[in-house]
Amino acid sequence: MEMQIRQPVSSRVNVGRAERVVSLASGLALLAYTVTRRPKLGLPLGLNAGYMLYRGATGHCVFYQTLGINRAQANGHEGIRVERAVTVNRPKAELYQMWRDFENLPRFMEHLESVHVDESDGERSHWVAKAPLGQTIEWDSEVIEERENELLVWKSLPGSLVESMGRVEFVDAPGGRGTIVHVSMEYNPPAGSLGAALAKLFGEEPDQQINEDLRHFKQIAETGEVATVQGQPTGRGRQQDSTFTKRNGRRNR
Amino acid sequence: MKAVCWNGIVNVGVEEVPDPKLINPRDAIIKVTSTAICGSDLHLYNGYVPTMKKGDILGHEFMGEVVEVGDEVPNLAPGDRVVVPFPIACGRCFFCERGLWSLCDNSNPNAALAEGLYGHSPAGIYGYSHLMGGYAGGQAEYVRVPFADVGPLKIENGFRDEQVLFLTDIFPTGYMAAEQANIQPGDTVAVWGCGPVGQFVIQSAWMFNPARVIAIDRFPERLEMAQMYGRAEIINYEEGVDVVETLKQMTGGMGPDVCIDAVGMEAHKTGLEGAYDFAKQTVRIESDRPYVLRETIQACRKGGTVSLAGVYGGFIDTIPMGAAFNKGLTIKMGQAHVHRYLKPLFEKIESGQIDPSFVVTHVLPLEEAPAAYEIFKKKLDGCVKVVLKP
């Protein structure tokens, strides 16, 4: 079995460069103060200094991460490329089949409105993605590489408005623990407003969105449904409840 | 229907809300006959758990009668009387298959939020903040139960609600704390906290044949309960005693073989709130809230086990890691995997080995929930455990 270590596209760095320098400097200053003056609150100050140094040196802030803040990247909409992996407690043949019928994808991929597979050959499909203000963006794709139960690669047809590519690989998890599903998706939207609209669909953190999509894929594969609280009662009037995060999970019925 | 809603800090109300309906195929709707207020509900009540929203329906200890089932719930039918585990678990993921039900991979709709804080998401929990899924809770006339094909246990015999209700949380929580503590015959078990969970820790500890159980608290009525129902020796730490030193002397210098924390940490040290304000949190190092955890580590005999039943949520500091390491301690913890204890513990109730209703001090109508929270919080009127009747 071939195993590859994949470097996630996004890293743990979520603190901007200038802020890291400030973090390092203030951490050092605080440490110096704590060591030389020995103030009453030495322990908390020392810990704080240590944390600032860690944050500056690694560029990783636990609290930013907790709050979903990322100040490390500038946001453009020049293109989206995401790689994620998820372990699903089902055999790979079953997961492959679920994925191979592209019409299933909108059940768990938030940005997709629908996918229609051309019944004549099963290789070509028509994709409709959601865009803000009820608009849609459409393109055609075809399967360009396929190994049954193992690998599926599809790509938009030449001349499509949206240049996109997807790759999903199914690998047996060690110890009979189901299947590790490696997914990579690439979108190169056109310049201009449609491109911006597509980029907006993925928000500021496309990897998190794909993460949610894969989580829902796993939930459907393992439990037959997507966990949700949408539609449950609350004391907030008669409006439907929603999940706490910005994006709501897709419902499967 | 009527439901107990979190309306803000120290502010719960009984509100008129829509009835729950089936959303997913594995859902069931339960008409609640009894529901309890948990000590951990007080963390929400006091506003120390982040990600609560006004209007959230509270409650994770509840039982009742099935009124509706989804297409994929073959095991239940309307009219069945059931108790429902507080963790929501799918039964089919890696974790559920290994009996780690409170770590279910598939039941938290807000898993990303929890992953941000914990690295991975634990199971969803009814009425226990949006971090734990934002599920509507069971302090209501009706409640939606997801994955009802694997969670609820049917109770067919003629037991009163108060005798089986605590299978939903505090009995399994107490039992797991004792079980994972690896109690050996002849051991001395020390239990911090004589609230409802502590009482069940004490009861459960005896099931593993220790020689002694020592209970620590400051409320006389709770210590009395531990003495009377739990045959425990007691320490009232408000009487100016050093708990660690007292335990050492009581055990001839050895220290208790097993130390169980049934207090946990006030949630105000935890979670997102701490994250919002690092400075605030550092100042709180001076707070004595992780005191119990520190004491258990300090008191425990060399090579012994510290077991945590009380809830921890965020970051804590000044834990004597050196003591834990150099004394070779084992530390066990986690939310109870209620599903795996339901049947065996119900059998203990059936056989008369235990009657969990001994902890109940107050039974009130659901409408009186606001007063009930106040009584429970302030431990007025000798309150140990409140059961609400919708």
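Residues numbered from 1 in each chain as written. Chains lettered and ligands numbered in written order. Predicted model: local features only at pLDDT ≥ 70, side-chain atom pairs only at ≥ 80, totals over all residues.

Caption draft 1: Geometry of the sheet that holds strand S7 (residues 179–188) of chain A. All names here are of chain A. Pairing is antiparallel across the open sheet formed by seven strands, whose spatial order is S1-S7-S6-S5-S4-S3-S2. Each edge of the open sheet carries a strand with a single partner, namely strand S1 (80–88) and strand S2 (112–117). Sheet twist, expressed as the mean angle between neighbouring strand axes with direction ignored, is 20°. In this sheet, strand S4 (residues 136–147) lies alongside strand S3 (residues 124–130) in antiparallel orientation, the contact comprising seven bridges. Pairing of Ala129 across the sheet is with Ile137, part of S4. Where helix H4 (residues 92–100) meets the sheet, it contacts S1, strand S5 (151–156), strand S6 (163–172) and S7, and its direction lies at approximately 165° from that of S6. (Pairing = 2+ DSSP bridges. Helix = DSSP H or I, 4+ residues; strand = E, 2+ residues; numbered from the N terminus. Axes fitted to C-alpha atoms, helices over the stretch in contact; angles between N-to-C directions. Contact = placed C-beta atoms within 7 Å.)

Caption draft 2: Highlighting the domain arrangement of chain B. All names here are of chain B. Partitioning chain B into structural domains gives domain 1 (2–169 + 336–389) and domain 2 (171–332). With 25 residues of domain 1 at the contact, the number on the domain 2 side is 23 residues. Listing elements by their share of the side of domain 1 that touches domain 2, those giving two or more residues are helix H1 (39–45) and helix H13 (338–350). Class assignment of the residues belonging to the side of domain 1 that touches domain 2 gives a composition of 16 nonpolar, six polar and three charged. (Domains from an automatic or database assignment. Nonpolar A, V, L, I, M, F, W, Y, C, P; charged D, E, K, R; others polar.)

Caption draft 3: Main features of the packing of helix H8 (residues 243–250) of chain B against helix H11 (residues 291–299) of chain B. Residues and elements named next belong to chain B. Two elements in contact, H8 and H11, have axes whose closest approach is 9 Å; the angle formed by their N-to-C orientations is 30°. By the criterion of interaxial angle, the relationship of H8 to H11 is roughly parallel. Once H8 is placed against H11, the crossing between them reads as right-handed. Across from Val243, Val244 and Leu247 in H8, the residues of H11 making contact are Glu295, Gln298 and Ala299. Taken together, the residues of the contact of H8 with H11 sort by class into four nonpolar, one polar and one charged. (Parallel < 35°, antiparallel > 145°, perpendicular 65-115°, else oblique. Left-handed = near helix turned anticlockwise from the far one by under 90°.)

Caption draft 4: How the structure looks around the confidence of the model for chain A. Residues and elements named next belong to chain A. Across chain A, the average pLDDT comes to 77, with 58% of residues at 70 or higher. Averaged pLDDT values over the elements of chain A bottom out at 60 in helix H3 (residues 62–67) and peak at 97 in H4. This stretch, residues 1–10, has a pLDDT under 50; its non-local contacts, to residues over four places away or in other chains, come to 11 contacts. Low pLDDT, under 50, characterises residues 73–77; the predicted model gives this stretch five contacts beyond four residues in sequence or across chains. (pLDDT = per-residue confidence, 0-100.)

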